Amino acid sequence: MRALVKVEAARGLTMRQEPAPVPGPDDVIVKVKKTGICGTDVHIYKWDEWAQKTIPVPMIVGHEYAGEIVEVGSHVKNLAVGMRVSGEGHVVGTKSRAVRAGHFHLDPETQGIGVNIPGAFADYVRIPAFNVVPLPDDIDDELGAILDPLGNAVHTALSFNLIGEDVIVTGAGPIGIMAAAIARHVGARHVVITDVNPTRLALAGRVADITPVNITEEDLKSVMARLKMAEGFDVGLEMSGQEAAFQQMTDHMVMGGRIAFLGIPSRPFVVDWAKLVFKVLTIKCIYGREMFETWYKMLAMLQSGLNVRPVITHRLRAEDYVDGFETMIRGESGKIVLEW
Ligand code: ZN
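Residues numbered from 1 in each chain as written. Predicted model: local features only at pLDDT ≥ 70, side-chain atom pairs only at ≥ 80, totals over all residues. Heavy atoms only, no water.

### Overview of the overall build of the protein
Okay, so step 1: Within the protein one finds twelve helices and 18 strands.
Okay, so step 2: Relative to the 2.2 N^0.38 estimate, which gives 20 Å for 340 residues, the radius of gyration of the protein is 20 Å and therefore close to what a compact globule would have.
Okay, so step 3: In terms of overall dimensions, the protein has a C-alpha envelope of 60 × 40 × 35 Å along the principal axes.
Okay, so step 4: Counting the 340 residues in the protein, one finds 54% classified as buried.
Okay, so step 5: When contacts within the protein are restricted to residue pairs at least 6 apart in sequence, long-range pairs at least 24 apart make up 68% of them.
Okay, so step 6: Of the accessible surface of the protein, which amounts to about 15100 Å², a share of 53% is contributed by carbon and sulfur atoms. (Helix = DSSP H or I, 4+ residues; strand = E, 2+ residues; numbered from the N terminus. Rg over C-alpha atoms; globule rule 2.2 N^0.38 Å. Buried < 20%, exposed > 50% of the residue type's maximum accessible area, 1.4 Å probe, protein only. Contact = heavy atoms within 4.5 Å. Areas by Shrake-Rupley, 256 points an atom, 1.4 Å probe, with all protein chains shown as cover.)

This is how it looks when you write it as structure tokens:
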């Protein structure tokens, strides 16, 4: 089968032939139809510091996918050949306290599809049946392929009650834009999204009825005045991992404001804890998706009018993956979907 492989410890990825996977008793094999390129994949492609210490080579990469089950293991019930599916890319164990308590997303022994175990940028991928999420008929493969990042957005956005609240999202990458769209969908009042990249901000404005702000051109004080907001933002969704963005956010939160933090800073940064204490802020760190409550919620919201399809800006054949990766690295895209 074709597979996109990190062949050696260097920049880039290679499309080459690999043996097709064989299911264990508790696995299914999925014929991959569409995949999304994630920021994680870009780290692996660029072979940055994180990738160098995390990814064993060779490794088939990719973890955002939709496809069809073509084989099921001997123990698998409730799933059948022909079902259209996506699935959770974090494979959890059975031993930790968190898993035994049902908090699967908090398992310290989690392995990542396309990170520690063979991934989905291939004609076929092996997935534990436990991880499979069947797709309703009205969720097509293209949306199925971006449920993983949408899940990050849903997990972050639904961390706090947003109804009637004023929300600031820092970082207008695909996940930030989708989180802002979710805040709008569930009934926030003002939803402001900040970035420094005009292409991303323009995309944000096309995806949902939100207020894109280029932070190099307008400060949040004047945005608040423009929106007639008196005190500050009630809820912050941090999606950029940028020190300056977090500072701007905390400077403009209300007393008792709540922040969900998904962005991953590339290096440690200084936090003015005294300011946070005197503002009585709550900060919740987010990683991945809750299994499987986040999946349930996102499918339900997609079926009740949440539209994130415009966040997909590029649809490419899998063979043209270099184009996709380089476009992402230049910051000129929303979500990029590869067709297999
Ligand atoms: Zn991802």
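### Quick word on the sheet that holds strand β2 (residues 14-17)
Okay, so step 1: Read from one edge to the other, the open sheet built from three strands follows the order β2-β1-β4, with strand pairing classed as antiparallel. Only two strands of the sheet have a single partner each, and these edge strands are β2 and β4 (59-60).
Okay, so step 2: Of the strand pairs in this sheet, strand β1 (residues 2-6) and β2 are connected by four bridges, and their pairing is antiparallel. Bridging across to β2, V5 finds its partner in T14. (Pairing = 2+ DSSP bridges.)

### Let's talk about the pattern of salt bridges
Okay, so step 1: Applying the stated rule across the entire model yields 21 salt bridges.
Okay, so step 2: Here R2 and D123 are joined by a salt bridge, their closest N and O atoms 2.8 Å apart. Of this pair, R2 sits in strand β1 while D123 is found in the loop between β8 (111-112) and β9 (124-128), placing the two residues 121 residues apart along the sequence.
Okay, so step 3: Put simply, R84 and D141 hold a salt bridge, and the shortest N to O gap is 3.0 Å. Taken together, the residues span a long stretch of sequence, with R84 in strand β6 (residues 84-87) and D141 in helix α4 (residues 141-144) at a distance of 57 residues. (Salt bridge = Lys/Arg side-chain N within 4 Å of Asp/Glu carboxyl O.)

### Some words on the coordination of the zinc ion
Okay, so step 1: The zinc ion binds to the protein through C38 (SG), H63 (NE2), E64 (OE) and D148 (OD); the donor distances cover 2.1 to 2.7 Å.
Okay, so step 2: Each donor residue of the zinc ion belongs to the same chain, and together they define the spacing C-x24-H-E-x83-D. With C38 in the loop between β3 (27-36) and α1 (39-46) and H63 in the loop between β4 and β5 (64-72), this pair connects stretches of sequence that are 25 residues apart.
Okay, so step 3: Taking relative accessible area as the criterion, C38 reaches 12% and is therefore assigned buried. (Donors = N, O, S within 2.8 Å, 3.2 Å for Na, K, Ca; no water.)

### Notes on the sheet that holds strand β16 (residues 282-285)
Okay, so step 1: Sheet architecture is open: six strands sit in the order β13-β12-β11-β14-β15-β16, paired in parallel fashion. Because the sheet does not close on itself, it has two edges, and the strands there are β13 (211-214) and β16. Strand-to-strand twist across the sheet, computed as the mean angle between neighbouring axes with direction ignored, equals 20 degrees.
Okay, so step 2: Looking at chain direction, strand β11 (residues 167-170) and strand β12 (residues 191-195) are connected through four bridges and run parallel. Within β12, the residue paired with V167 across the bridge is V191.
Okay, so step 3: Sheet strands in contact with helix α9 (residues 243-251) are β11, β14 (233-238), β15 (253-261) and β16, and its direction is about 145 degrees off that of β15. (Axes fitted to C-alpha atoms, helices over the stretch in contact; angles between N-to-C directions.)

### Here we look at empty space enclosed by the protein
Okay, so step 1: Taken as a whole and judged by the stated rule, the model has one cavity of 30 Å³ or more.
Okay, so step 2: When its volume is computed, the largest cavity comes out at roughly 40 Å³.
Okay, so step 3: For the largest cavity, the full set of lining residues is F246, Q247, T250, V270, V271, D272, K275 and L276.
Okay, so step 4: Looking at the lining of the largest cavity, the elements that each hand over two or more residues are α9 and α10 (273-278).
Okay, so step 5: A per-element tally of the lining of the largest cavity places α9 first, with three residues.
Okay, so step 6: Each residue belonging to the lining of the largest cavity can be placed in one class, and the counts come to four nonpolar, two polar and two charged. (1 Å grid on protein atoms, 1.4 Å probe; cavity = no way out; pocket = protein on both sides within 12 Å on 5 of 7 lines; lining within 4 Å. Points joined across faces, edges and corners; volume = space filled by probe spheres on them. Nonpolar A, V, L, I, M, F, W, Y, C, P; charged D, E, K, R; others polar.)

### Observations regarding the domain arrangement of the protein
Okay, so step 1: Per the domain assignment, the segments of the protein are domain 1 (2-146 + 308-339) and domain 2 (153-285).
Okay, so step 2: Each partner contributes to the interface: domain 1 provides ten residues, whereas domain 2 provides eight residues.
Okay, so step 3: Summing both partners gives a buried area of about 790 Å² for domain 1 against domain 2, and 78% of it is carried by carbon and sulfur.
Okay, so step 4: In this structure, the connection of domain 1 to domain 2 is made through zero salt bridges.
Okay, so step 5: Viewed at the interface, domain 2 and domain 1 are joined by one residue pair in polar contact (both at pLDDT 80 or more). (Domains from an automatic or database assignment. Buried area = accessible area lost by both parts, 1.4 Å probe. Polar contact = N/O pair within 3.5 Å; in protein donor to acceptor, adjacent residues only side chain to side chain.)

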